[in-house]
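Secondary and tertiary structure notes
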Amino acid sequence: MIIFSAVFLTFAANAQQRIVDDTVAKLDEQNRTSLVLGLSAGVNLFTTDNQFSPYYSKYGFIMQVPLMLQYQMTPSWRLSTGARLDFTFNPLHYNVDWHEVDDGNDYIYADGLDFQETFTGKQHYFIYFFHLGIPLQATWYPWPNEKRLLAVTGDLFAGYAFGNDLFLNRSYADRNGSSTGIDDVHQVSHHTESLLPWKLEVGVTLSTDVLGLIHGVRFFANLLPSYRDPVTGDNLYLAGMTIFL
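Residues numbered from 1 in each chain as written. Predicted model: local features only at pLDDT ≥ 70, side-chain atom pairs only at ≥ 80, totals over all residues. Heavy atoms only, no water.

Considering the overall build of the protein
Secondary structure summary: the protein contains one helix and 15 strands in total. The burial tally for the protein puts 33% of its 245 residues in the buried class. Within the protein, counting contacts between residues at least 6 apart in sequence, those at least 24 apart form 64% of the total. If you sum the accessible surface of the protein, you get close to 15000 Å²; carbon and sulfur atoms cover 62% of it. (Helix = DSSP H or I, 4+ residues; strand = E, 2+ residues; numbered from the N terminus. Buried < 20%, exposed > 50% of the residue type's maximum accessible area, 1.4 Å probe, protein only. Contact = heavy atoms within 4.5 Å. Areas by Shrake-Rupley, 256 points an atom, 1.4 Å probe, with all protein chains shown as cover.)

Remarks on the nonpolar core
Core analysis: the biggest nonpolar cluster contains 17 residues, and Tyr55, Leu113, Ile127, Leu195 and Tyr227 have the highest contact counts within it. Counting residues per element, the ones that place at least two in this core are β5 (96-102), β7 (121-140) and β8 (151-173). Apart from residues lying up to four places away in sequence, Ile127 is in contact with Tyr55, Thr88, Phe89, Asn90, Leu92, Asp165, Leu166, Leu195 and Tyr227. (Core = buried A, V, L, I, M, F, W, Y, C linked by side-chain atoms within 4.5 Å.)

Comments concerning a nonpolar patch on the surface
Taken together, Leu132, Tyr160, Phe162, Trp198 and Leu224 make up a surface patch of nonpolar side chains, about 520 Å² in accessible area. As for its position among the elements, Leu224 is in the loop between β12 (216-222) and β13 (227-228). We classify Leu224 as partly exposed; its relative accessible area is 31%. (Patch = residues over 30% accessible without salt bridge, like charges linked within 9 Å, V, L, I, M, F, W, Y side chains within 5 Å. Salt bridge = Lys/Arg side-chain N within 4 Å of Asp/Glu carboxyl O.)

A closer look at the layout of surface pockets
A probe matching the size of a water molecule, rolled over the atoms, marks out where space remains unfilled. Estimated volume of the largest pocket: approximately 840 Å³. What lines the largest pocket is a set of 28 residues, among which Ser40, Arg78, Gln137, Thr205 and Ser207 lie closest to the centre. Elements with a minimum of two residues in the lining of the largest pocket: β3 (59-74), β4 (77-91), β7, β8, β11 (198-207) and β12. With four residues, the top contributor of residues to the lining of the largest pocket is β3. Residue composition of the lining of the largest pocket, by class: eight nonpolar, 13 polar and seven charged. (1 Å grid on protein atoms, 1.4 Å probe; cavity = no way out; pocket = protein on both sides within 12 Å on 5 of 7 lines; lining within 4 Å. Points joined across faces, edges and corners; volume = space filled by probe spheres on them. Nonpolar A, V, L, I, M, F, W, Y, C, P; charged D, E, K, R; others polar.)

Digging into the confidence of the model for the protein
When pLDDT is averaged across the protein, the result is 82; 78% of the residues are at 70 or more. Predicted confidence in the protein is weakest over helix α1 (residues 2-31), with a mean pLDDT of 46, and strongest over β11, with 97. Note that pLDDT drops below 50 for residues 1-27; the model gives that stretch zero contacts with residues more than four away or on any other chain. (pLDDT = per-residue confidence, 0-100.)

Quick word on empty space enclosed by the protein
This structure, assessed with the given rule, holds one cavity of 30 Å³ or more. The computed volume of the largest cavity comes to approximately 190 Å³. Residue lining of the largest cavity: 17 residues in total, with Thr88, Lys199, Glu201, Phe220 and Leu238 positioned closest to the centre. For the lining of the largest cavity, the secondary structure elements donating two or more residues are β2 (40-46), β4, β7, β11 and β12. Classifying every residue of the lining of the largest cavity gives seven nonpolar, seven polar and three charged.

Considerations on the pattern of salt bridges
All told, the structure shown has four salt bridges when counted by the stated rule. Between Asp155 and Arg218 there is a salt bridge whose closest N-O contact spans 2.8 Å. Of the two residues, Asp155 sits in strand β8 while Arg218 sits in strand β12, which places them 63 residues apart along the sequence. Arg218 sits in the buried class, given a relative accessible area of 4%. Counted as one network, the salt bridges with shared partners bring together Asp155, Lys199, Glu201 and Arg218.

With respect to the side chain of Gln70
Locating Gln70 in the fold gives a position in strand β3. Using a relative accessible area of 14% as the deciding quantity, one classes Gln70 as buried. Apart from residues lying up to four places away in sequence, Gln70 is in contact with Arg32, Thr33, Ser34, Val36, Arg78, Leu79 and Ser80.

Quick notes on the packing of aromatic side chains
Describing an aromatic ring pair means giving the distance of the ring centres and the angle of the ring planes. Overall, the coordinates contain 15 aromatic pairs when judged by the stated rule. Between Tyr55 and Tyr227, the ring centres sit 5.0 Å apart and the planes meet at 25°, which makes this aromatic pair stacked. Here the residue Tyr55 occupies a position in the loop between β2 and β3, and Tyr227 occupies one in strand β13, the gap between them amounting to 172 residues. When the ring of Tyr56 is compared with that of Tyr94, the centres are 6.1 Å apart and the planes differ by 40°; the resulting orientation is tilted. On the criterion of sequence distance, the pair formed by Tyr56 in the loop between β2 and β3 and Tyr94 in the loop between β4 and β5 is long-range, its members being 38 residues apart. By relative accessible area, Tyr94 is classed as partly exposed at 26%. (Phe/Tyr/Trp six-rings, centres within 6.5 Å; stacked < 30°, edge-to-face > 60°.)

Okay, here's the thing in structure tokens:
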């Protein structure tokens, strides 16, 4: 009877331990997967070969809204994918004007930008894009027990701009110091051929949560052209560095 009781208790203890182990394994498997909705903003610093183009920008601003499905493969590696909305706002460096084209039927339209020869006053020109696409990310944590210290992420983003426009604002001044005020906002439709909608961007990000204001730095390059100059026909590419705040 004593032997039977001991065997029974041993069997029950082993069964209970297996149940606990299975529960912990299932919970651990569930915790590996997460769905995250985020928001980030940053400043783009461009380094491109189109500095002699009317589309040239030294800097820009970006806001990203990602909805990501994340899977923690190991304590050091995480894979992520989902959908992301990117809004970029790029002020233009030069004084520019519309590149006007006569279609031969007494109708003149603007198909892009050209340089402004003479101007007296103040100008604000910028380009914006709304890209919606699919990001793929692989993140490595050098110190998996302290993930907030440093994360290194390689990413690929494929997106399409469902909204992109050129805006030109001007206020003129004469020798008497008076001003005509600010002109109406001039806008080129997003169907213009000078703004190309597709983006295929690769990047590497170093991110941390211990520096305060700056939360990460990303180096990126768009493998597809962002602009096509209607005057020269050149395709213009963007690359640079993003500082996330």
